[in-house]
Amino acid sequence: MVYQAARYTAAEHPASSLAFTFIQAALSMRYSALSILKQGLGGHRGWTRAWRDPTPKPAYDVIIIGGGGHGLATAYYLAKVHGITDVAVIEKGWIGGGNVGRNTTIIRSNYMFPSNTYFYEHSMKLWEGLEQDFNFNAMVSQRGVINLYHSDAQRDAFARRGNAMRLAGVDAELIDADEVRRRVPLLDFDNARFPIEGGLLQPRGGTVRHDAVAWGYARGADSRGVDIIQNCEVTGIEMKNGRAVAVQTTRGRISANKIGSAVAGHTSKIAQMVGLELPLESHVLQAFVSEGIKPHLDTVVTFGAGHFYISQSDKGGLVYGGDLDGYNSYAQRGNLPMMEHVMAGGMAIMPSIGRVRLLRHWGGVMDMTMDGSPFICRTPVDGFYLNGGWCYGGFKATPASGWCFAHTIANEEPHEYNRDFTIERFAEGRMIDEKGVGPNPWIQ
Amino acid sequence: MNACAMRPAFNRDKIMHQIQCPWCGVRDEAEFQYKGDATVVRPADDADEAGFFRYVYLRDNPKGWHTEWWHHVAGCRQFVKVVRNTLTHEVAATGTPADTLQVPES
Ligand SMILES: Cc1cc2nc3c(=O)[nH]c(=O)nc-3n(C[C@H](O)[C@H](O)[C@H](O)COP(=O)(O)OP(=O)(O)OC[C@H]3O[C@@H](n4cnc5c(N)ncnc54)[C@H](O)[C@@H]3O)c2cc1C
Ligand SMILES: [Zn+2]
């Protein structure tokens with residue numbers, strides 16, 4: 001799904017006649033209801049490619065390694081907010097082939113610690129204006145996210161988190177079992193082990209079409225002059241007097257004044273190229289999609305106690321997942337025991353899914369940090385900037401991550417929203433450990 | 001087509017780890033709990049902060065062979081040392097905590 005979709009959109013559909021060329025020129029690159037109508041009349045053969053396929057230049061002002069959501073968003077905001085357009089995004093495969101095209105598309109800002117709350121809420125606000133901002137339909141759908149609770153203790157913990165959210169200006173509601181039943185009648189409320197007592201609802205949470213996020217940012221960055229270079233792997237970083245000055249790639253050497261890394265699961269590999277050791281490990285997380293069915297579920301439900309969460313895509317597939325497989329992995333695939341565990345969790349809380357067939361499943365490589373929180377920061381290496389450690393929750397962060405990383409690269413200092421996302425926080429004893437599980441990346 | 005021909009061909013190793021516990025024999029991954037990098041060494045009690053910081057937080061995180069701990073929780077409850085490839089999920093060697101295991105060239 002991931003690769004085909006990316007290729008399809010990037011593929012050129014050459015105009016077959018002068019008339020189409022004319023229509024193309026008249027339409028320029030702006031998407032609108034009118035452009036769809038006009039293209040419809042021409043058999044949809046006049047669409048031009050959404051971003052160029054440039055040959056890498058020998059040098060750029062800024063190079064971003066990794067064409068996932070975060071790398072593309074960074075390039076977009078560098079160009080749009082900071083006027084820095086001599087930028088290349090260097091992607092080893094196709095953009096959208098990494099985690100940005102592999103996640104379960106949930107967005108939310110229901111965190112408790114201030115370092116996270118304000119950052120993720122900034123992201124939520126950017127999501128709310130994103131489609132108008134980059135003129136692309138990302139299908140942002142604020143259908144609500146409900147975290148289920150099953151005991152008084154869990155309710156109290158959720159009330160505490162909800163209150164912290166509200167104090168920070170984020171929407172949160174503690175709802176009782178009747179209200180959960182009204183919203184999601186098909187859950188097993190009387191489950192013997194985990195009876196549903198209620199939930200913490202974030203009404204503004206929801207889902208976003210993940211591939212469209214990569215494409216929208218790519219198109220917006222490209223139209224402002226950013227070069228998006230696909231099928232180009234960074235294999236080394238050249239240092240001069242302690243400063244990162246160029247990248248070695250499968251398409252040659254490219255120098256830059258500043259080099260930013262946004263490679264998610266491969267963060268350790270890139271960091272090692274400049275001699276940095278990081279407090280993180282790569283782990284695999286799986287996701288599952290069922291065959292398409294009629295509307296069944298119009299919100300996102302998380303059953304944390306049973307390691308399961310679920311939503312329904314606009315195509316009708318039930319999209320669900322659970323926890324990490326739990327061992328270091330770069331494989332982009334998981335194993336059957338975790339699959340069985342996720343299915344068992346689903347059967348426990350939403351028994352009706354037992355009648356639905358599984359259509360597809362896959363895995364993605366997560367950059368799991370020792371406290372479950374990310375890095376968006378300068379590093380001890382001059383000219384090298386780090387964005388990573390997104391664990392399994394970096395999709396929702398995409399807009400704010402790109403926005404803050406661009407700010408950090410442009411201004412040589414963090415924005416207030418990413419001030420605490422440093423590498424040094426571990427040595428300084430200022431971990432941001434929402435779960436409170438300590439330095440065990442596989443359970444963060 | 002007969003029923004046999006319709007059975008999907010799969011290699012057990014490709015769908016879950018098989019770990020040779022030195023005490024119990026070959027067991028499925030589901031019986032174990034992962035316990036992380038087995039190459040980190042606790043520094044001496046009087047080591048400086050930097051030493052403890054490295055021990056607690058920094059990891060090589062290799063793409064390839066990784067020496068790691070798997071706790072046989074649903075078996076003998078011993079810690080098993082395992083050399084496993086993080087890209088292919090292949091297990092090359094297992095042993096007791098005291099064993100020095102050969103790590104293949106990558
Ligand atoms: C199954 C699954 C479910 C998830 N569900 C959610 C969810 O519901 N909500 C949520 O918020 N988050 C979720 N996430 C997490 C989220 O997808 C990630 O945290 C986020 O996408 C990571 O940032 P990215 O988009 O930039 O990563 P990626 O898309 O992985 O981008 C990194 C890119 O770097 C490239 N790269 C790596 N090495 C090199 C190199 N040497 N040279 C050049 N390029 C390189 C890769 O090819 C890749 O394209 C999920 C993840 C998975 C796997
Ligand atoms: Zn055993």
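Calculation rules
- Residues numbered from 1 in each chain as written.
- Chains lettered and ligands numbered in written order.
- Predicted model: local features only at pLDDT ≥ 70, side-chain atom pairs only at ≥ 80, totals over all residues.
- Heavy atoms only, no water.
- Helix = DSSP H or I, 4+ residues; strand = E, 2+ residues; numbered from the N terminus.
- Buried < 20%, exposed > 50% of the residue type's maximum accessible area, 1.4 Å probe, protein only.
- Near = heavy atom within 4 Å.
- Polar contact = N/O pair within 3.5 Å; in protein donor to acceptor, adjacent residues only side chain to side chain.
- Areas by Shrake-Rupley, 256 points an atom, 1.4 Å probe, with all protein chains shown as cover.
- Nonpolar A, V, L, I, M, F, W, Y, C, P; charged D, E, K, R; others polar.
- Contact = heavy atoms within 4.5 Å.
- Salt bridge = Lys/Arg side-chain N within 4 Å of Asp/Glu carboxyl O.
- Pairing = 2+ DSSP bridges.
- Axes fitted to C-alpha atoms, helices over the stretch in contact; angles between N-to-C directions.

With that settled, consider unusual backbone geometry. Residues and elements named next belong to chain A. With phi around 65 degrees, T105 is a residue other than glycine that occupies positive phi space. Relative to the assigned elements, T105 resides in the loop between strand 2 (87–90) and strand 3 (106–107). A residue is classified by how much of its surface remains accessible, and T105, at 15% relative accessible area, is buried. For Q332, which is not glycine, the phi torsion reads 55 degrees and is therefore positive. By the secondary structure assignment, Q332 is in the loop between strand 15 (317–328) and helix 10 (336–349). For Q332, a relative accessible area of 32% corresponds to the partly exposed category.

Residue and element names in this part refer to chain A. Neighbouring ligand 1 are 38 residues; E91, N99, V100, T104 and K396 lie closest to it. A distance of 2.9 Å separates an oxygen atom of ligand 1 from a polar atom in the backbone of G394. Notes on ligand 1: free accessible area 1,000 Å², of which the protein chains cover 95%. Looking at the shell around ligand 1, the elements with two or more residues in it are helix 4 (69–82), strand 12 (280–292) and strand 16 (358–369). Broken down by element, the residue count for the shell around ligand 1 peaks at three residues, all from strand 12. The class makeup of the residues in the shell around ligand 1 is 18 nonpolar, 15 polar and five charged.

Moving on, we get to the interface of chain B and chain A. Across the boundary between the two partners, chain B contributes 26 residues, which contact 28 residues of chain A. The tally of links between chain B and chain A comes to two salt bridges. For the salt bridge of A:E281 with B:R59, the shortest nitrogen-to-oxygen distance reads 3.9 Å. There are 15 residue pairs in polar contact (both at pLDDT 80 or more) connecting chain B and chain A.

We now examine the sheet that holds strand 16 of chain A. Residue and element names in this part refer to chain A. Reading across from one edge, 5-6-4-13-14-15-12-16 is the order of the eight strands in this open sheet, with mixed pairing throughout. This sheet does not close on itself; its edge strands, each paired only once, are strand 5 (173–176) and strand 16. With direction set aside, neighbouring strand axes in the sheet form an average angle of 25 degrees. Where strand 4 (residues 145–149) lies against strand 6 (residues 198–202), five bridges are found, and the strand directions are antiparallel. Across the sheet, residue L148 finds its bridge partner in strand 6, namely G199. Contacting strand 4, strand 5 and strand 6, helix 6 (residues 152–167) crosses the sheet at an angle of about 150 degrees to strand 4.

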